[in-house]
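Below, each chain spelled out in residue letters.
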Amino acid sequence: QPLACNGASDEGEAIAYWKRRFTPGSVLARIVERGAKFAANLKQFTDEECVLQSLLAQTAYRLGKRGDWYERLILLHSTHLKPKRAKGGKADSKQHAALLSARDICIRALNDQHVGRLSLHSISRQIRALEAKLSYEGDQLYQHPRLSLEWKSAPERTVYGVRINDRTRRGPSLWDGNDEVPCSVERLALWRYQSLGYSGLHSENAMATTLFSLLFWDVIFHPLPGALDTEYQSRPLDMGSESFYFSRQTLVDQRLQEIVGGEFADTIQASYDFGYGAECVGVSWDITCEQLLIVAKASMRLGFPDLCLWNPATEKAMFVEVKGPNDKLSDAQRDWIDILITNGIGVEVCLVREGDARDHE
């Protein structure tokens, strides 16, 4: 049965989006989504396709999952539900129709404003692969402003170190550090960058989330009715949903204009002094205010690579994704690198390889 929770339902119409996850409809949507996964595990692909179509027919719940649902639906139509071709035979009309159906789902996804950046990259590649199988060329290729086929690439830097081989140990690799103490691959990379004049932290997303929370402290804790029910909350109930921005659009836009105009140092300092030690979503009090101000002044928009670096001499910040031997960039990491480069922020990929650094100077 279709999932009865579309955007025009009484419940969806009456309740703000961020509150819907506390309603029975949200629980139902999660159960239905889990049912699709069970059907996939049982290879009941027709049932799975029906469930996914039901989920996509509504826009009241789990909007952030729509990209995943489209991707799986495209795979079903292009692979699992596509009639098999006889050995040595030619593709028949049913196979052609299955590819066209998968392409139509790609087009539908590209026109769905709830599909996020990461899924758009995958779906953009899928539609071009399907069009290649259909022998489409030139004007036959679908064009859309949201087509995103390539990520911008970051420059790479290779550094070398001595890896500690311990067959009994599981988990991340260990390397000989500068102080003769075993260290992580990220710590080794940080030492190499320090020799180039950089200071920095292995912070991953802590620097970014801390800066965000301090810059928007008063916005986060703005007394929006129903969002902050007790004084013990470290975040409003709509944090992490699309409604966080729309419910506070005027306040957020005003703060963004202040940041663009360079008025951010006093805001960071005031929030740091006021809230130090308090529980607030995203804040790491291990990062000093001085470090936050240095990075904020060098670059006002951040991503989530491993290392956050700044050069006091040049007053520039850089973000570095560290990859050890056999590690590769994930799609999510490529996406953050693309965001950083698009916004003019320095970013590198540091490849750590086994060997004596002196042999490669």
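For the structure itself, look to the data block above.
Residues numbered from 1 in each chain as written. Predicted model: local features only at pLDDT ≥ 70, side-chain atom pairs only at ≥ 80, totals over all residues. Heavy atoms only, no water.

**Q** When you look at the overall build of the protein chain in this model, what are you seeing that I'm missing?
**A** When helices and strands are counted, the protein chain shows 14 helices and eight strands. Its C-alpha atoms give the protein chain principal-axis dimensions of roughly 65 × 60 × 50 Å. Counting over 361 residues, the protein chain shows a buried share of 42%. Taking the intrachain contacts of the protein chain between residues at least 6 apart in sequence as the baseline, contacts between residues at least 24 apart amount to 66%. (Helix = DSSP H or I, 4+ residues; strand = E, 2+ residues; numbered from the N terminus. Buried < 20%, exposed > 50% of the residue type's maximum accessible area, 1.4 Å probe, protein only. Contact = heavy atoms within 4.5 Å.)

**Q** Hey, could you run me through the nonpolar core in this one?
**A** It is characteristic of soluble globular proteins that their nonpolar side chains tend to be buried jointly. One finds Met207, Leu214, Phe216, Ile268 and Leu292 to be the most contacted residues of the largest nonpolar core, which totals 34 residues. Considering every element that reaches this core, the biggest residue donor is helix H8 (residues 206-215), with five residues. Excluding residues that lie within four positions of it along the chain, Leu214 makes contacts with Thr267, Ile268, Ser271, Tyr272, Trp285 and Leu292. Grouped together as the second largest cluster of nonpolar side chains are 26 residues, Leu56, Leu110, Val115 and Ile127 included. (Core = buried A, V, L, I, M, F, W, Y, C linked by side-chain atoms within 4.5 Å.)

**Q** Can you walk me through helix H7 (residues 185-194) in this structure?
**A** Across the 10 residues of H7, seven count as buried, placing the element largely inside the fold. Buried within H7 are the following residues: Val185, Glu186, Leu188, Ala189, Leu190, Trp191 and Tyr193.

**Q** Can you help me understand the packing of aromatic side chains in this one?
**A** Two numbers describe a pair of aromatic rings. These are the distance of the centres and the angle of the planes. Applying the stated criterion across every chain, the model contains eight aromatic pairs. Arranged with centres 5.5 Å apart and planes meeting at 45 degrees, the rings of Trp217 and Phe221 form a pair that is tilted. The buried category is assigned to Trp217, whose relative accessible area is 9%. By relative accessible area, which is 25% here, Phe221 ends up partly exposed. Ring plane angle 45 degrees and centroid distance 5.5 Å describe the contact between Tyr272 and Tyr276, whose orientation is recorded as tilted. What makes Tyr272 buried here is its relative accessible area of 12%. A relative accessible area of 53% means that Tyr276 is categorised as exposed. Cluster of aromatic residues (ring-pair linked, three or more members): Trp217, Phe221, Tyr272, Phe274, Tyr276 and Trp285. (Phe/Tyr/Trp six-rings, centres within 6.5 Å; stacked < 30°, edge-to-face > 60°.)

**Q** Would you take a moment to explain the sheet that holds strand S8 (residues 346-354) for this structure?
**A** Pairing between sheet strands relies on hydrogen bonds along the backbone, with the strands arranged either parallel or antiparallel. The strand order across the open sheet formed by five strands is S1-S8-S7-S6-S5, and the pairing between neighbours is mixed. What marks the edges here is a single partner per strand, and that holds for strand S1 (156-161) and strand S5 (199-202). In this sheet, adjacent strand axes meet at a mean angle of 30 degrees when their direction is disregarded. For strand S6 (residues 307-311) and strand S7 (residues 316-323), the ladder comprises five bridges, and the chain directions are antiparallel. Residue pairing in the sheet places Leu307 in a bridge with Val320 of S7. This element, helix H14 (residues 331-342), spans S7 and S8 of the sheet and lies at about 140 degrees to S8. (Pairing = 2+ DSSP bridges. Axes fitted to C-alpha atoms, helices over the stretch in contact; angles between N-to-C directions.)

**Q** What is the right way to look at the sheet that holds strand S3 (residues 174-176) in this model?
**A** Read from one edge of the open sheet, three strands run S2-S3-S4, paired in antiparallel fashion. A single partner strand is all that each edge strand has here, and the edge strands are strand S2 (163-164) and strand S4 (182-183). Bridge count between S2 and S3: two bridges; the pairing is antiparallel. Among the inter-strand pairings, Arg163 is bridged to a residue of S3, identified as Trp175.

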